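What follows is the residue order along each chain.
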Amino acid sequence: MNQNIIERARKYLAKMPPAIAGSGGHAATYHAALAMVRGFNLTPEQALPLMLEWNAACCPPWSEAALRHKLSDAAKCAKPAGYLLANDKANPVDEGASKAAKRRQWPAFQKPTPADLAAIAALRHVSPDAAYLIACHDHLWRCQWRGAECLAVHSGTFAQVRRMSGQPFAQKDGSKLKALNLPGSQGAFLHPGGIGGPDVPVLLTEGAVSLLEAAEAIQRADSNTGTLHSVAIIAAVSASSRFNKDHLAKLAGRRVRILADNDHAGHEAAAKWAAALETVGCQVDALTMPDGHKDLGDLIKAIPATDSVWQSILTF
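A. Quick look at the environment of Ala148. Along the polypeptide, Ala148 turns up in strand β2 (residues 148-155). Judged by its relative accessible area of 11%, Ala148 is buried. Each C-alpha atom of the pair Ala148 and Lys301 lies 25 Å from the other, and the pair is 153 residues apart in sequence. With near-sequence residues (within four places) excluded, Ala148 lies in contact with Cys143 and Arg163.

B. How the structure looks around the sheet that holds β2. Strand order in the open sheet made by the four strands is β1-β2-β3-β6, with antiparallel pairing throughout. Taken across any chain shown, the strands that pair with only one partner, and hence form the sheet edges, are β1 (140-145) and β6 (180-181).

C. Molecular detail of the sheet that holds strand β7 (residues 189-190). What the five strands build is an open sheet, ordered β7-β9-β8-β10-β11; its pairing is mixed. If you trace the sheet from one side to the other, it starts and ends with β7 and β11 (283-286), each paired once. Summarising the sheet, strand β8 (residues 202-206) and strand β10 (residues 255-259) pair through four bridges and their orientation is parallel. Pairing of Val202 across the sheet is with Val256, part of β10.

D. Structural detail: the pairing of β8. The element β8 is largely enclosed, with a buried count of five among its five residues. Here β8 shows a buried face lined by Val202, Leu204 and Glu206 and a second buried face lined by Leu203 and Thr205. In this fold, the crossover linking β8 to strand β9 (residues 232-236) by way of helix α8 (residues 210-225) has right-handed handedness.

E. Broad picture of the packing of helix α2 (residues 25-39) against helix α4 (residues 64-75). Direction vectors running N to C along α2 and α4 enclose 60°, while the axes themselves pass 8 Å from each other. If you check the angle between α2 and α4, you find them oblique. Crossing of α2 against α4: the hand is right-handed. In this structure, α2 uses His26, Thr29, Tyr30, Ala33, Leu34, Val37 and Arg38 to contact α4, whose residues at the interface are Leu67, Lys70, Leu71, Asp73, Ala74 and Ala75. When grouped by side-chain class, the residues that make up the contact of α2 with α4 number eight nonpolar, two polar and three charged.

F. Structural detail: the side chain of Arg142. Residue placement: Arg142 occurs in strand β1. A polar atom in the side chain of Arg142 sits 3.0 Å from the side chain of Asp116. In this structure the side chain of Arg142 is engaged in a polar contact, spanning 3.2 Å, whose partner is the side chain of Glu149. Look past the residues within four positions of Arg142 in its chain and what remains in contact with it is Ala108, Phe109, Gln110, Lys111, Pro112, Asp116, Glu149 and Cys150.

G. How the structure looks around the nonpolar core. Counting residues in each nonpolar core, the largest one holds 35 residues, and the members touching the most others are Leu140, Leu203, Leu296, Trp310 and Ile313. Looking at this core, the elements with two or more residues in it are α6 (114-124), α7 (128-136), β2, α8, β9, α11 (296-302) and α12 (309-313). Each residue touching Leu296, except ones within four places of it in the same chain, is listed here: Thr205, Glu213, Ala214, Leu259, Met289, Trp310 and Ile313. Ala9, Cys77, Tyr83 and Leu84 belong to the second largest nonpolar core, which has 28 residues in total.

H. Structural context of the packing of helix α1 (residues 3-14) against helix α3 (residues 44-55). Relative to each other, α1 and α3 sit at 25°, their axes nearing to 10 Å. Here α1 lies roughly parallel to α3, going by the angle between them. Where α1 crosses over α3, the two elements pack in a sense that is right-handed. Between α1 and α3, the residues in contact are Ile6, Ala9, Arg10 and Leu13 and Leu50, Met51, Glu53 and Trp54, respectively. For the contact of α1 with α3, the class distribution of residues is six nonpolar, no polar and two charged.

I. Region of interest: the pattern of salt bridges. Within this structure, the stated rule accounts for 14 salt bridges. Between Arg68 and Glu64 there is a salt bridge whose closest N-O contact spans 3.1 Å. Residue Arg68 and its partner Glu64 are located together in helix α4, separated by four residues, close to a single helical turn. Two residues, Asp73 and Lys76, come together in a salt bridge whose shortest N-O distance is 3.7 Å. Accessibility expressed as a relative area gives 36% for Lys76, which makes it partly exposed. One connected set of salt bridges, linked through shared partners, spans Glu7, Arg10 and Glu53.

Rules of the game
- Residues numbered from 1 in each chain as written.
- Predicted model: local features only at pLDDT ≥ 70, side-chain atom pairs only at ≥ 80, totals over all residues.
- Heavy atoms only, no water.
- Helix = DSSP H or I, 4+ residues; strand = E, 2+ residues; numbered from the N terminus.
- Buried < 20%, exposed > 50% of the residue type's maximum accessible area, 1.4 Å probe, protein only.
- Contact = heavy atoms within 4.5 Å.
- Pairing = 2+ DSSP bridges.
- Right-handed = clockwise from strand over helix to strand, strands pointing away.
- Axes fitted to C-alpha atoms, helices over the stretch in contact; angles between N-to-C directions.
- Parallel < 35°, antiparallel > 145°, perpendicular 65-115°, else oblique.
- Left-handed = near helix turned anticlockwise from the far one by under 90°.
- Nonpolar A, V, L, I, M, F, W, Y, C, P; charged D, E, K, R; others polar.
- Polar contact = N/O pair within 3.5 Å; in protein donor to acceptor, adjacent residues only side chain to side chain.
- Core = buried A, V, L, I, M, F, W, Y, C linked by side-chain atoms within 4.5 Å.
- Salt bridge = Lys/Arg side-chain N within 4 Å of Asp/Glu carboxyl O.

See the structure below:
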């Protein structure tokens, strides 16, 4: 790594606000990590010493393990590698063209077979019907990546892959990731089948693969009540996803329930999504996962399909 880039990253990080507990500290640390691993295209190992320097001003300081975790999370972001380096006026970079070129290197995506859907359903602890529904809306595929058979949540310019074996991807720095956004991915929200008319409520979940889990939750609620719920599903591809003006215009006045992850990043994301949606007249509430369950996927695995919790999720 060019030492000049390391110094530029150090100076940039020194100007970023420290993390203060109770005042958006998790978000401040995430944005600092994002600037290092995506903005300056450092590896987590290269970024860690810089983050430790910055950490001295945080109140309270983070543990090294926590900083490593933040760097690992930031590395999953779809922001283009080196986006802060692209600000060099002497070497302008067309980010759109750069991303498009990376997408042209994506693997071939294939429609999942019934056997694939059964395997994906078992891997994610959902029914084959839920997997079939997302596949019918062209958001669930299969492909090969890094020599492994993968399921892909893919639509337009966004694609995230996971190994069909359930094993993580090993990174060059020794870290392991369960999901990878393919190079050149861009997009903040996925909505298979569209978002329906103004009277259709919206279930907003966190994580691309949560499309499967949201579909499963709706099917479980339908089975328990004997009625069909007309609910639109929107999945934020990460906690850092934010609504733009076009998204908000389409969602204006709708009923929206947020099922965010039960951690600090998820809580902060839910608060920001709710605030943005309320500016356009949405009726918003956020459902907190029960203690001991980080996200909807955990709930799917732990709570039987016949439990009344599934009906309560759709009662809004």
